[in-house]
Amino acid sequence: MGSVAVFAGITRRRCFTASFPLPHQDQEVFIDTLTIPTFKKKLKKLSAQDPGESRRRWHAVTEALWKKDVDTATEAKHELEEKQRADKKERQRLGVEWKQAHFHGEGTAWEYNTPLNSRLAQLASSEPPVQ
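Predicted model, so just to flag it, every value in this text is computed and none were measured.

Undergrad: How would you explain the packing of helix 2 (residues 59-66) against helix 3 (residues 70-94) if you had to name every residue and give the values?
TA: Their axes nearest at 8 Å, the elements helix 2 and helix 3 cross at an angle of 170°. Judged by the inter-axis angle, helix 2 sits roughly antiparallel to helix 3. In this structure, helix 2 contributes A60, V61, A64 and L65 to the contact, and helix 3 contributes T72, A73, A76 and K77. The class makeup of the residues in the contact of helix 2 with helix 3 is six nonpolar, one polar and one charged.

Here it is, written out as structure tokens:
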């Protein structure tokens, strides 16, 4: 097998730094998550979330993983996926077209309806960063 040239490196600490080598220089850091502002998530309580919201749907899987119970997580994931398959089959039977709430198709890819820079600008204007 031939040699592989590394384009970028990630240094893992509490968060991470990503850098890439430049000609005639050691490296240049292009992101250091320890120096950028963070924002607290604003979430509805699980009981107030719509049944179709991702956090609510994946709650049993996430809880089991936090408890390091892989068997329960696997079973919960399987049940979730089977329900999604059944829901899809029922929509097809009824002729109901599925519409993504936050994404749209762009050729063969998916894109957010609201671009990241717009979402970040909204977050920045509504809440001060947590240091």
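Moving on from the model shown.
Undergrad: Mind laying out the pairing of strand 4 (residues 103-106), listing which residues take part and the relevant values?
TA: Note: strand 4 against strand 5 (residues 109-112), four bridges, orientation antiparallel. Looking at the pairing, G105 lines up with W110 of strand 5. The loop that links strand 4 with its antiparallel partner strand 5 comprises two residues; one of these, G107, has a positive phi angle of about 70°.

Undergrad: Tell me about the layout of surface pockets, residues and numbers included.
TA: Roughly 1,200 Å³ of volume is contained in the largest pocket. What lines the largest pocket is a set of 33 residues, and nearest its centre among them are E53, S54, A101, H102 and F103. Elements that contribute at least two residues to the lining of the largest pocket include exactly helix 1 (54-57), helix 3 and helix 4 (116-126). Here the lining of the largest pocket takes six residues from helix 3, the largest share from any one element. Tallied by class, the residues present in the lining of the largest pocket amount to eight nonpolar, ten polar and 15 charged. Taken as a whole, the second largest pocket holds about 160 Å³ of empty space. Lining the second largest pocket are L43, K44, L46, Q49, R55, W58, H59, T62 and E63.

Undergrad: Tell me about the pattern of salt bridges, and name the residues and values.
TA: Pairs may arise between side chains of opposite charge once their charged atoms sit close together. What the rule picks out here adds up to five salt bridges. Of the charged contacts, one joins E82 and R85 as a salt bridge, the two residues approaching to 2.9 Å between their closest N and O atoms. Note that E82 and R85 are positioned in helix 3 at a spacing of three residues, about one turn of the helix. What makes R85 partly exposed here is its relative accessible area of 48%.

Undergrad: Can you explain a nonpolar patch on the surface? Please cite residues and give values.
TA: A cluster of nonpolar side chains, namely F103, W110 and Y112, defines an oily patch on the protein surface of about 350 Å² accessible area. Tracing the chain through its elements places F103 in strand 4.

Scoring rules and cut-offs
Residues numbered from 1 in each chain as written. Predicted model: local features only at pLDDT ≥ 70, side-chain atom pairs only at ≥ 80, totals over all residues. Heavy atoms only, no water. Axes fitted to C-alpha atoms, helices over the stretch in contact; angles between N-to-C directions. Helix = DSSP H or I, 4+ residues; strand = E, 2+ residues; numbered from the N terminus. Parallel < 35°, antiparallel > 145°, perpendicular 65-115°, else oblique. Contact = heavy atoms within 4.5 Å. Nonpolar A, V, L, I, M, F, W, Y, C, P; charged D, E, K, R; others polar. Pairing = 2+ DSSP bridges. 1 Å grid on protein atoms, 1.4 Å probe; cavity = no way out; pocket = protein on both sides within 12 Å on 5 of 7 lines; lining within 4 Å. Points joined across faces, edges and corners; volume = space filled by probe spheres on them. Salt bridge = Lys/Arg side-chain N within 4 Å of Asp/Glu carboxyl O. Buried < 20%, exposed > 50% of the residue type's maximum accessible area, 1.4 Å probe, protein only. Patch = residues over 30% accessible without salt bridge, like charges linked within 9 Å, V, L, I, M, F, W, Y side chains within 5 Å. Areas by Shrake-Rupley, 256 points an atom, 1.4 Å probe, with all protein chains shown as cover.

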